[in-house]
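These are the residues of each chain, in order.
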Amino acid sequence: MFGYSIFVGIVIAIFTSLFLGVEYSDGIIRNKICIGHKRSNIYFSNLVVVILTSIFSYVLFLGVVCTLGIPLFGEPSISLFHLFMLFGCVLGAMIAYCSIFTFLAMILSSKTIMAVVSIMLAFGLLLFALSCFNILEAPPLIQESSFVNGEMKVESVPNPKYPSEEKKRVCQFLLDVNPAGQMFQIAGQSIQNLNILPFYSLGIAVAFTGMGLILFQKKELK
Amino acid sequence: MIRLFHANFGRLRKNKLFWILSLFSIGWAFIFVLMKYRDMKIYGNIIAV
């Protein structure tokens, strides 16, 4: 049910950059302002359309997975409450993604630059989350083999790359804040702070939307 | 605001990318379920959906 959530960032980045990219290139934003629409309304309407489209694509995915998956594999093994909490986290992370990419789409005028920056950012967030995840998943002991008198001896030794508690806390925080990290944790069902994740997503959404609104108000549209 | 939504949704409905995205979601869901089903048949384990 949550397998799609890892790729959703890339999908939203591609869709947002191509759908909202034509707003500048075709002069749609200029026309909207000319006929008297407020800039804040234009920004919010674009954000809402992107969010609803992302949710729609996820609902389609869920519909097919439930229709085929439940008869094949049976009902979900986790509790309904936990399942709804996970869906809430996915929704929050999707809104955070949408606000980041809408921010980029409304700030950058060039369609090509916007598409490249959005897709690179989506992959960057994904790779950053993966590296944080790898650090957190490092085992405390590793197997080391050596030859003693012609015999191979395997022994467990402490992992020199095992992170300290401080480093682990920082990595966990970065993983929780990053929407891609949240999706990784949801897909792997290895969430440490399930109750806090939606608040991080909300914070990202508010910060990027606020910043986007301020910059879009000041932007010169030529 | 309502007129803006109306215009945006009208543009969305005519946008090929939106329909490609929808098809991608459905296609990925099929692949995902089939992959899990194949794993279940090979390894015989019960997989939580």
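Quick summary incoming for the structure in this document. Residue positions are given per chain, counting from 1 as you read along its sequence in written order. Here every chain gets a letter starting at A, and every ligand a number starting at 1, in the order they are written. Owing to the predicted nature of the model, reporting of local features is limited to residues with pLDDT of at least 70; listing and counting of side-chain atom pairs is limited to 80 or more, with chain, interface and lining totals taken over all residues.

1. A closer look at the overall build of chain B
Keep this limit in mind: What counts as a helix is a DSSP run of H or I of at least four residues, what counts as a strand is a run of E of at least two, and both are numbered from the N terminus. Buried, partly exposed and exposed are defined by the number of other C-beta atoms within 10 Å of a residue's own C-beta, namely 20 or more, between the two limits, and 12 or fewer respectively, with C-beta atoms placed from the backbone.
Scanning chain B from N- to C-terminus turns up two helices and zero strands. Counting all 49 residues of chain B, 12% fall into the buried class.

2. Brief notes about the overall build of chain A
Filter applied, for reference: Here, residue contact means that the backbone-derived C-beta atoms of the two residues sit within 7 Å.
Regarding its fold elements, chain A presents eight helices and two strands. When the elements of chain A are put in sequence order from the N terminus, they spell out α-α-α-α-α-β-β-α-α-α. By principal-axis analysis of the C-alpha atoms, chain A measures approximately 85 × 45 × 30 Å. Buried positions account for 34% of the 222 residues belonging to chain A. Considering only contacts in chain A between residues 6 or more positions apart, those separated by 24 or more positions represent 77%.

3. Some points on the interface of chain B and chain A
Note the threshold: Throughout this entry, Asp, Glu, Lys and Arg are counted as charged residues, while Ala, Val, Leu, Ile, Met, Phe, Trp, Tyr, Cys and Pro are counted as nonpolar. The remaining residues, Gly among them, count as polar.
The interface of chain B with chain A comprises 24 residues on the first partner and 29 residues on the second. The element that contributes the greatest number of residues to the side of chain B that touches chain A is helix 2 (residues 16–43) of chain B, accounting for 14 residues. The class makeup of the residues in the side of chain B that touches chain A is 19 nonpolar, four polar and one charged.

4. Section: the packing of helix 3 (residues 39–73) of chain A against helix 1 (residues 2–14) of chain B
To keep it simple, the criterion reads: Comment: axis = line fitted to C-alpha atoms, over the contacting stretch for helices; angle = value between 0 and 180 degrees taken between N-to-C directions. In what follows, roughly perpendicular refers to angles from 65 to 115 degrees, roughly parallel to angles under 35, roughly antiparallel to angles over 145, and oblique to any angle outside these ranges. Helix crossings fall into two classes, left-handed where the near helix is turned counterclockwise from the far one by less than a right angle and right-handed where it is turned clockwise.
As a packed pair, helix 3 of chain A and helix 1 of chain B sit with axes 9 Å apart at the nearest point and diverge in direction by 40 degrees. In this view, helix 3 of chain A runs oblique relative to helix 1 of chain B, as classed from their interaxial angle. The handedness of the crossing between helix 3 of chain A and helix 1 of chain B comes out as right-handed. Touching N41, I42, S45, N46, V48, V49 and T53 of chain A of helix 3 of chain A are L4, F5, N8, F9 and L12 of chain B, all from helix 1 of chain B. Split by residue class, the contact of helix 3 of chain A with helix 1 of chain B holds seven nonpolar, five polar and no charged.

5. Overview of the nonpolar core
For soluble globular proteins, nonpolar side chains are generally found buried alongside one another. Stated precisely, the cut-off is as follows: One nonpolar core equals one set of buried Ala, Val, Leu, Ile, Met, Phe, Trp, Tyr and Cys residues connected by C-beta atoms within 7 Å.
By size, the foremost hydrophobic cluster in this structure holds 54 residues, and its most contacted members are V8, I12, M94, Y97, C98, I100 and F101 of chain A. Secondary structure elements with two or more residues in this core: helix 1 (8–25), helix 3, helix 4 (80–107), helix 5 (111–136), helix 7 (179–188) and helix 8 (197–218) of chain A together with helix 2 of chain B. Sorting elements by how many residues they give to this core places helix 4 of chain A first, with 15 residues. Among all residues touching F101 of chain A, those that are not within four sequence positions of it are I12, A13, T16, S17 and S118 of chain A.

6. Description of the environment of Y58 of chain A
Residue position: Y58 of chain A is located in helix 3. Among all residues touching Y58 of chain A, those that are not within four sequence positions of it are Y4, V8 and M94 of chain A.

7. Topic: the pairing of strand 2 (residues 151–158) of chain A
Every regular strand shows the same layout, with side chains that alternate between the two sheet faces. All names here are of chain A. Using the following cut-off: The criterion for strand pairing is that DSSP finds at least two bridges linking the strands in question.
By the criterion of burial, strand 2 is predominantly exposed, with just zero of the eight residues buried. Summarising the sheet, strand 1 (residues 141–148) and strand 2 pair through eight bridges and their orientation is antiparallel. Along strand 2, the bridge assignment pairs V148 with E151. Between strand 1 and strand 2, which pair antiparallel one after the other, the connecting turn spans two residues, and N149 there sits at a positive phi close to 55 degrees.

8. Some points on helix 5 of chain A
Residues and elements named next belong to chain A. To be explicit about the condition: Multiplying 1.5 Å by the residue count of a helix minus one yields the expected span of that helix.
Between its first and last C-alpha, helix 5 extends 37 Å over 26 residues, near the 38 Å set by a 1.5 Å rise per residue. Here helix 5 has its buried residues at M114, S118, A122, L125, L126, A129 and C132. For helix 5, the elements touching its buried residues are helix 1, helix 4, helix 6 (165–177) and helix 7.

9. Digging into the packing of helix 4 of chain A against helix 8 of chain A
All names here are of chain A. Two elements in contact, helix 4 and helix 8, have axes separated by 8 Å at closest approach and are oriented at 15 degrees. Judged by the inter-axis angle, helix 4 sits roughly parallel to helix 8. Crossing hand, helix 4 versus helix 8: left-handed. The residues of helix 8 that touch helix 4, namely those facing G88, C89, G92, A93, I95, A96, S99, I100, T102, F103, M106 and I107, are L197, P198, S201, L202, I204, A205, F208, T209, M211, G212, L215 and F216. By residue class, the composition of the contact of helix 4 with helix 8 is 17 nonpolar, seven polar and no charged.

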